[in-house]
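Chain by chain, the residues:
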Amino acid sequence: MTRYAALLRGINVGGINIKMADLRSTFVDLGFENVKTVLASGNVLFDSDRDDVPALKSEIESGLRAEFHYEAWVFVLDLDTVRQIVDDYPFDPEREGWHPYVLVTPEPEVLDTLLSIGDELDPEVERVRAGDGVLYWEVERGMTLRSRFGKSTGAPKLKAFTTTRNLRTLHKLLK
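Attention here is on the structure that accompanies the text. Values in this document were obtained by computation on a predicted structure and should not be read as measured data. (Residues numbered from 1 in each chain as written. Predicted model: local features only at pLDDT ≥ 70, side-chain atom pairs only at ≥ 80, totals over all residues. Heavy atoms only, no water.)

## So, the overall build of the chain
How we decide: Secondary structure elements are defined from DSSP: runs of H or I of at least 4 residues count as helices, runs of E of at least 2 residues count as strands, and each element is numbered from the N terminus. Throughout, exposure labels follow a simple rule: accessible area from a 1.4 Å probe, protein chains only, divided by the maximum for the residue type, with under 20% read as buried, over 50% as exposed, and the rest as partly exposed. The criterion used for residue contact is that any of the two residues' heavy atoms lie within 4.5 Å. Accessibility throughout is a Shrake-Rupley quantity obtained with a 1.4 Å probe, and a residue counts as covered only by protein chains that appear here. Think of it this way: Lys and Arg go in the positive column, Asp and Glu in the negative one, and His and the chain ends go nowhere. The atom standing in for a charge is NZ when the residue is Lys, CZ when it is Arg, CG when it is Asp and CD when it is Glu.
Helix and strand counts for the chain come out as 6 helices and 8 strands. Counting only C-alpha atoms, the chain reaches 45 × 30 × 30 Å along its principal axes. Buried positions account for 45% of the 175 residues belonging to the chain. Here the contacts in the chain between residues at least 6 apart in sequence split such that 67% fall between residues at least 24 apart. As displayed, the chain has an accessible area near 9,000 Å², and 49% of this comes from carbon and sulfur atoms. Between the averaged position of the 22 positive side-chain charges in the chain and that of its 29 negative side-chain charges there is a distance of 7 Å.

## Some remarks on the packing of aromatic side chains
Heads up, the condition is: Between rings of Phe, Tyr and Trp, where Trp is taken as its six-membered ring, a pair exists when centres lie within 6.5 Å; planes separated by under 30 degrees are stacked, by over 60 edge-to-face, and by other angles tilted. Two conditions define a charge sitting above a ring: the NZ of Lys or the CZ of Arg must be within 6 Å of the ring centre, and it must be within 35 degrees of the ring normal.
Per the stated rule, a full pass over the model turns up 8 aromatic pairs. Taking 5.6 Å as the distance between ring centres and 50° as the angle between the ring planes, the aromatic pair formed by F27 and F46 counts as tilted. A residue pair is termed long-range when its members are at least 10 positions apart, and F27 in helix α1 (residues 20-29) and F46 in strand β3 (residues 43-48) qualify at 19 residues. Across this residue pair, the class does not change: F27 and F46 are buried. Three or more aromatic residues joined by ring pairs make a cluster, and in this case those are Y4, F27, F32 and F46. Lying across the ring of F75, K57 places its NZ or CZ 5.0 Å from the centre. Taking the ring centre of W98 as reference, the NZ or CZ of R95 above it sits at 3.7 Å.

## Digging into the sheet that holds strand β2 (residues 33-37)
Put simply, the rule reads: A pair of strands is considered paired only if DSSP assigns at least 2 bridges between the two. A fitted line through C-alpha atoms serves as each axis, taken over the contacting stretch for helices, and the angle formed by two N-to-C directions is quoted from 0 to 180°.
Judged by pairing direction, the sheet is antiparallel, and its 4 strands sit side by side in the order β2-β3-β1-β4 without closing on themselves. This sheet does not close on itself; its edge strands, each paired only once, are β2 and β4 (74-78). For this sheet the average axis-to-axis angle between neighbouring strands, irrespective of direction, equals 20°. In this structure, β2 lies alongside β3, joined through 3 bridges in antiparallel fashion.

Here is the structure:
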């Protein structure tokens, strides 16, 4: 059995409200074991003996669409990958007055496009750095949605290709 984290994009914000008990039940109904939700922002831990991540992603998205009637986007990572992402965070995760984020995308072109914005960023407000299938982002507290990079990640065309988590959330998935 492999322990996975499913990171759901866009639930419990913007009118898509899902109770964590209902979300957990959906994963159980899909046949996953040891299902646990973490926080109310779309993080689900589960065990599966299947190792085909694209198939797991597709199955979960279909299940969520059928159960909750919304356009579901899910990013599935095994916990070893989550641990590596956390360990590789290149900035000081405890920097006072700053948020440590990780943007996840399986699409190299999206990662490259977002990384190219890095040259335009004000380092007094935010910084980005590429990782393996992720983009690390450090932003001054209070500027997350107003910063140049923050505005770029909110583009509707990126919804199906990215999700962002605070590094502290990823730590909680590993506990």
